[in-house]
Amino acid sequence: MKLTTRFAVITAVLVPVLVLLAGLLVLRLASHDLKAERDRQLTVRLHGLVPTATTYAQRSRRTPLSPPERAQQRVSGAARDDGSGGVFLLPRLGEPLVVGTVPSARPDGAGPATIVSGGRRWRFVATGLGARGNVGRLWVFEPESRVSARISLLRQRLAVVTLVAAGVGALAGFGLARFAVRPLTVLRGQAGAIGRSPGAGRRLATTSGTVEVDELARLVNDLLERGDDAVRRTGAALETARAFAANAAHELRTPLTSMGTNLGLVNHPGIGAAERAEVVADLVAEHARMDRLITMLRQLARGELLDPRSVAAVDLPDLVEASVEDARRRHHGASITVDVPDTGTVRGWPEGLRMIVDNLIDNAAVHGADADGRAAIEVTLAEAPDGLVLRVRDHGPGVPEAARRTIFDRFARRPGSPGSGLGLTLVAQQVGLHGGTIAVAAPPDGPGAVFDVRLPRSPEPGGDPASWLR
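Residues numbered from 1 in each chain as written. Predicted model: local features only at pLDDT ≥ 70, side-chain atom pairs only at ≥ 80, totals over all residues. Heavy atoms only, no water.

Overview of the sheet that holds strand E12 (residues 449-456)
If you walk across this open sheet you meet the five strands as E7-E9-E10-E12-E11, and the pairing is mixed. A strand with exactly one partner marks an edge of an open sheet, and here the two such strands are strand E7 (334-339) and strand E11 (437-441). On average, adjacent strands in this sheet sit at an angle of 15° to one another, irrespective of strand direction. Sheet analysis places strand E10 (residues 387-394) next to E12, joined by eight bridges and oriented antiparallel. In the strand pairing of E12, Asp 394 is matched with Ala 449. Against the sheet, helix H8 (residues 350-367) contacts E7, strand E9 (375-384), E10 and E12, and its axis sits at roughly 20° relative to E10. (Pairing = 2+ DSSP bridges. Helix = DSSP H or I, 4+ residues; strand = E, 2+ residues; numbered from the N terminus. Axes fitted to C-alpha atoms, helices over the stretch in contact; angles between N-to-C directions. Contact = heavy atoms within 4.5 Å.)

This is how it looks when you write it as structure tokens:
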């Protein structure tokens, strides 16, 4: 059963039940009031009869054999009712006086109380006559059927009114419930339309005027937005994977072909020892090139698929100093100086930031070396109004101005370069993912190249997810 139908049915059932309960309560209260009013009227009649009944009882005591006619008439006139009840007066001496219909039993007690006599139920009140109650006793009776008939008539009328009200209440409750849950019905229709023709940008309306429904719509919209974002990220990841595979195959084809040719030459019967050693050296160099290429491609793929949850606070001065120490062990012929401030925290991916520093130093050590393989590298980190500036300078031949626009493209390398052509591409990728900028220029005071990387302290999520693929 639908929620809207269930709510409407429950309301349609609950309203009549409440109406019936209200009718029963009204009947109970009205019955109680009728009985209380009956007892009050009996008590008023009794008190009204006491003076004349006392006079009658006193005269009957003085002349017990012949009760006075006038006193009897006065009691009978005062006790006259509509004929449904009666009065019984029992003087101490003389004949009792009966007015109207009374039961045969004479109950004890003052009442109001109920007795059963002759198969009928009677309500009575009683009192003694005289100052000490020794002149006689007076009872006022009324049959229970009198009030029962009134209660029965009230019950019938209430039953008719309650049943009509219950029916009307059921219809009204069903209609009002359907109206109340209409925003849910509309929301379900919108959700069904999205399900039949899904697409990015389709969202539920949040203007129904019902707080809970609008909050539910906003939650669903948030889930849809997350789903669309996941689809976009998945698509980008697939494109990245396809491009990775294509580029890896393209770049690995050349060294693999060369290695295949050299492997064929190694076992050639006419090759000499010196030539075989040269072929083996070429194989080792090609293997190292392939290893560097695969490592760079793996790092690029990891950067493109970076999980935002990997971002954390990073102490950049410590990271730069650790990178310089490792670079000194890798490049024994390079002189690397470092100048960093005491503190400088940025939010980012620690491994990505380390890749930026490592690859810039490696690039300076390889391309900034002189003929003897020695390189002088200066690494500085400075505060800036919008973050931190990392600067890596070498004293090599520098970067021609025409090449500065393409130096960060994938597989861009100068002739004879031992690198894979992906080191600076990896740097540009990570700088973009961290919301920063990178620029290369010629130093003002001599030869070489200067790479400036500006990193914000709290980067906004961004970066081109496939920047290295173009």
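Anyway, onward from the coordinates.
Brief notes about the pattern of salt bridges
Two side chains bearing opposite charge may form a pair once their charged atoms approach each other closely. Summed over the entire model, instances satisfying the criterion amount to 14 salt bridges. In this structure, Arg 330 engages Asp 362 in a salt bridge whose closest nitrogen and oxygen atoms are separated by 2.8 Å. Of the two residues, Arg 330 sits in helix H7 (residues 316-330) while Asp 362 sits in helix H8, which places them 32 residues apart along the sequence. Among the residues examined, Arg 330 registers a relative accessible area of 39% and is labelled partly exposed. Here Asp 452 ties to Arg 391 by a salt bridge, and the two come within 2.6 Å at their closest N and O atoms. With Asp 452 in strand E12 and Arg 391 in strand E10, this residue pair connects regions lying 61 residues apart in the sequence. Its relative accessible area of 21% is what places Asp 452 among the partly exposed residues. Judged by its relative accessible area of 38%, Arg 391 falls in the partly exposed class. Taken together, the shared-partner salt bridges in this structure form one network comprising Arg 38, Asp 39, Arg 123 and Glu 144. (Salt bridge = Lys/Arg side-chain N within 4 Å of Asp/Glu carboxyl O. Buried < 20%, exposed > 50% of the residue type's maximum accessible area, 1.4 Å probe, protein only.)

A word on H7
Here H7 contains 15 residues, and its C-alpha end-to-end distance of 21 Å stays within 8% of the 21 Å for a straight helix at 1.5 Å per residue. Among all positions in H7, only Leu 316, Pro 317, Leu 319, Val 320, Ser 323, Val 324 and Ala 327 are buried. Each buried residue of H7 sits inside an arc of 160° when the element is viewed along its axis, so together they form one side. Where H7 is buried, its residues touch strand E6 (312-315), E7, H8, E9, E10 and E12. (Expected span 1.5 Å × (residues − 1). Arc of directions from axis to C-beta.)

Quick word on the packing of H8 against helix H9 (residues 423-433)
At a minimum axis distance of 9 Å, the contact between H8 and H9 shows a crossing angle of 145°. For the pair H8 and H9, the crossing hand works out as left-handed. Residue-level contacts link Gly 352, Met 355, Ile 356, Asn 359, Leu 360 and Asn 363 of H8 to Gly 423, Leu 424, Leu 426, Val 427, Gln 430 and Val 431 of H9. Tallied by class, residues from the contact of H8 with H9 come to seven nonpolar, five polar and no charged. (Left-handed = near helix turned anticlockwise from the far one by under 90°. Nonpolar A, V, L, I, M, F, W, Y, C, P; charged D, E, K, R; others polar.)

Observations regarding unusual backbone geometry
Omega for the bond connecting Gly 111 with Pro 112 falls within 30 degrees of zero, at -5°, which places this linkage in the cis form. Mapped onto the fold, Pro 112 is located in the loop between strand E2 (97-100) and strand E3 (113-117).

A closer look at the nonpolar core
Val 320, Leu 360, Ile 377, Val 379 and Leu 390 are the most contacted members of the largest nonpolar core, which totals 35 residues. Looking at this core, the elements with two or more residues in it are H7, E7, H8, E9, E10, H9 and E12. If we skip the residues at most four places from it in the chain, Val 379 touches Val 320, Val 324, Ile 336, Thr 337, Val 338, Asp 339, Ile 361, Leu 390, Arg 391 and Val 392. Of all hydrophobic cores here, the second largest spans 15 residues; its members include Leu 42, Val 99, Val 135 and Leu 138. (Core = buried A, V, L, I, M, F, W, Y, C linked by side-chain atoms within 4.5 Å.)

Side note on the environment of Asp 315
The topology assignment puts Asp 315 in strand E6. With a relative accessible area of 32%, Asp 315 lands in the partly exposed category.

Re the packing of H7 against H8
Taken N-terminus to C-terminus, the directions of H7 and H8 make an angle of 45°; their axes are 9 Å apart at the nearest point. In terms of their interaxial angle, H7 and H8 are classed as oblique. Relative to H8, the crossing made by H7 is right-handed. In this structure, H7 uses Leu 316, Leu 319, Val 320, Ala 322, Ser 323, Val 324, Asp 326, Ala 327 and Arg 330 to contact H8, whose residues at the interface are Pro 350, Leu 353, Arg 354, Val 357, Asp 358, Ile 361 and Asp 362. Classifying every residue of the contact of H7 with H8 by side-chain character gives 10 nonpolar, one polar and five charged. (Parallel < 35°, antiparallel > 145°, perpendicular 65-115°, else oblique.)

A closer look at the confidence of the model for the chain
Counting all residues, the mean pLDDT for the chain is 78, and 77% of those residues have values of 70 or more. The model gives residues 461-470 a pLDDT under 50, and that stretch makes 25 contacts with residues more than four places away or in other chains. (pLDDT = per-residue confidence, 0-100.)

Remarks on a nonpolar patch on the surface
On the surface, a cluster of nonpolar side chains totalling about 790 Å² of accessible area is made up of Val 9, Ile 10, Val 13, Leu 14, Val 17, Leu 18, Leu 21, Leu 24 and Phe 174. Looking at where Ile 10 falls in the secondary structure, it is placed in helix H1 (residues 3-62). (Patch = residues over 30% accessible without salt bridge, like charges linked within 9 Å, V, L, I, M, F, W, Y side chains within 5 Å. Areas by Shrake-Rupley, 256 points an atom, 1.4 Å probe, with all protein chains shown as cover.)

What to know about the sheet that holds strand E5 (residues 136-143)
On the basis of which strands lie adjacent, the open sheet formed by five strands has the order E2-E1-E5-E4-E3 and antiparallel pairing. The outermost strands of the open sheet, each flanked by one partner alone, are E2 and E3. Neighbouring strand axes in the sheet, compared pairwise and without regard to direction, differ in orientation by 25° on average. Taken together, the eight bridges between strand E4 (residues 120-129) and E5 define a ladder with antiparallel strand orientation. By the bridge assignment, Gly 128 is partnered in E5 with Arg 137.

Re the environment of Thr 114
Relative to the helices and strands, Thr 114 resides in strand E3. Taking the relative accessible area as the measure of exposure, Thr 114 reaches 30% and is therefore partly exposed. When the C-alpha atoms of Thr 114 and Pro 143 are compared, they prove to be 9.2 Å apart, with 29 residues separating the residues in sequence. At a separation of 3.0 Å, a polar atom in the side chain of Thr 114 contacts the side chain of Glu 144. (Polar contact = N/O pair within 3.5 Å; in protein donor to acceptor, adjacent residues only side chain to side chain.)

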